[in-house]
Amino acid sequence: MDWQKIDRRITRSRFPQIKAIEDFDFGFQPAINRQEIVSYHDLAFLDKHENLIFIGSPGVGKTHLAISLGIAACQQGKRALFINCHELLLRLHIAYEKDQLERAIRRYARYELLIIDEVGYLPISHDEANLLFQLINARYEQNSTIITSNSDLSGWVEIFQNPTVTGAILDRLVHHAHVIKITGKSYRLKETK
């Protein structure tokens, strides 16, 4: 195993921290099916172009689990990218204004694993929802996407403020997806006590 290559791949993936599945406190989140989560780390979902959607309140470990899967993908030679939803939409909007949207969509669509963190933490405009749809559509049945969100899928209509686009995004995301709902306490609140 070429550790230098793996390190470069991890650096290029832009993870905010390094998080491993071994560091996840399943005892603190008993509602999570440990066996199911650990099984995703064999990355079979990538070969099948399936998506993972982690839903839960802030601080329950969604991002930790998403990063651990991204790190596993890098270790197995896959190209991954971690990006906050708001930053992604900002970048797509800038590309659109510069008449480079098609190129930007192609670039994001090529990652074997794209992790979009914090979908729904900030409101998404009609135009941004359309941009996100174009990206999700380009990745559909081609590559896997991991989404973290604090909102149930039924609440996404309010986030995207457009029932038609919301339906189209969900249709493509959920078609080949595993939805993991995490109900539990916040790790961050635990650490401040």
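The structure presented is a predicted model; accordingly, all values stated were derived computationally and were not measured. (Residues numbered from 1 in each chain as written. Predicted model: local features only at pLDDT ≥ 70, side-chain atom pairs only at ≥ 80, totals over all residues. Heavy atoms only, no water.)

Here we take up the packing of aromatic side chains. Within this structure, the stated rule accounts for four aromatic pairs. With 6.3 Å between their ring centres and 55 degrees between their planes, phenylalanine 15 and phenylalanine 82 make a pair best called tilted. Remark: phenylalanine 82 occurs in strand E2 (residues 80-84) and phenylalanine 15 occurs in the loop between helix H1 (3-12) and helix H2 (34-40); sequence separation between them is 67 residues. Here phenylalanine 15 and phenylalanine 82 have matching classes, each one buried. When the ring centre of tyrosine 111 is taken as reference, the NZ or CZ atom of arginine 79 above it lies at 4.6 Å. (Phe/Tyr/Trp six-rings, centres within 6.5 Å; stacked < 30°, edge-to-face > 60°. Helix = DSSP H or I, 4+ residues; strand = E, 2+ residues; numbered from the N terminus. Buried < 20%, exposed > 50% of the residue type's maximum accessible area, 1.4 Å probe, protein only. Lys NZ or Arg CZ within 6 Å of the ring centre and 35° of its normal.)

Next up on the list: helix H6 (residues 101-110). For H6, the complete set of buried residues consists of Leu101, Ala104, Ile105, Tyr108 and Ala109. In a view along the axis of H6, the buried residues occupy a sector of 130 degrees, so they form one face of it. With respect to the buried face of H6, the exposed residues turned more than 90 degrees away are Glu102 and Arg103. Looking at the packing, one finds that the buried side of H6 touches E2, helix H5 (85-97), strand E3 (113-119) and helix H7 (126-139). (Arc of directions from axis to C-beta. Contact = heavy atoms within 4.5 Å.)

Summed over all chains, the structure comprises six salt bridges. The closest approach of N and O atoms between glutamate 87 and arginine 14, which form a salt bridge, is 2.7 Å. Note that glutamate 87 is positioned in helix H5 and arginine 14 in the loop between H1 and H2, a separation of 73 residues in sequence. Relative accessible area serves as the criterion here: at 26%, glutamate 87 is assigned to the partly exposed category. (Salt bridge = Lys/Arg side-chain N within 4 Å of Asp/Glu carboxyl O.)

Time to look at the nonpolar core. Judged by nonpolar contacts, the single largest core of 32 residues is most densely connected at Leu92, Ile116 and Trp156. Sorting the residues of this core by element identifies strand E1 (51-56), E2, H5, H6, E3, H7, helix H8 (156-160) and helix H9 (163-175) as the ones contributing at least two each. When residues no more than four places from it in sequence are discounted, the contact partners of leucine 92 are Leu101, Ala104, Ile105, Tyr108, Leu131 and Leu135. By size, the runner-up hydrophobic cluster in this structure holds 31 residues, among which are Ile21, Phe24, Phe54 and Ala66. (Core = buried A, V, L, I, M, F, W, Y, C linked by side-chain atoms within 4.5 Å.)

Our focus in this paragraph is the sheet that holds strand E4 (residues 144-149). Hydrogen bonds between backbone atoms are what pair the strands of a sheet, whose relative direction is either parallel or antiparallel. The strand order E2-E3-E4-E1-E5 describes an open sheet built from five strands, whose pairing is parallel. The two strands at the open ends of the sheet, each matched to only one other strand, are E2 and strand E5 (177-182). Adjacent strand axes in the sheet meet at a mean angle of 15 degrees when their direction is disregarded. Sheet topology places E2 next to E3; five bridges connect them, and they run parallel. Its bridge partner lying in E3, isoleucine 83 is registered against isoleucine 116. Sitting on the sheet, H7 is in contact with E3 and E4, with an inclination near 150 degrees to E3. (Pairing = 2+ DSSP bridges. Axes fitted to C-alpha atoms, helices over the stretch in contact; angles between N-to-C directions.)

Moving on: the packing of H5 against H6. Close contact between H5 and H6 brings their axes to 7 Å; oriented N to C, the two are set at 145 degrees. On H6, the residues touching Leu88, Arg91, Leu92, Ala95 and Tyr96 of H5 are Leu101, Ala104, Ile105 and Tyr108.

Burial within E1 is extensive, with six of its six residues counted as buried. With burial as the criterion, each face of E1 is covered, one bearing Asn51, Ile53 and Ile55 and the other bearing Leu52, Phe54 and Gly56. As defined by bridge partners, E1 adjoins E4 across four bridges and the pair is classed as parallel. Looking across to E4, one finds that isoleucine 53 is bridged to isoleucine 147.

Residues other than glycine seldom take positive phi values, yet histidine 49 does so here, at roughly 55 degrees. With respect to the helices, strands and loops of the structure, histidine 49 is situated in the loop between helix H3 (44-47) and E1. A positive phi is found at glutamate 141, a non-glycine position, where the angle reads about 60 degrees. Position of glutamate 141 relative to the elements: it lies in the loop between H7 and E4. Take glutamate 141: its relative accessible area is 39%, and that puts it in the partly exposed class.

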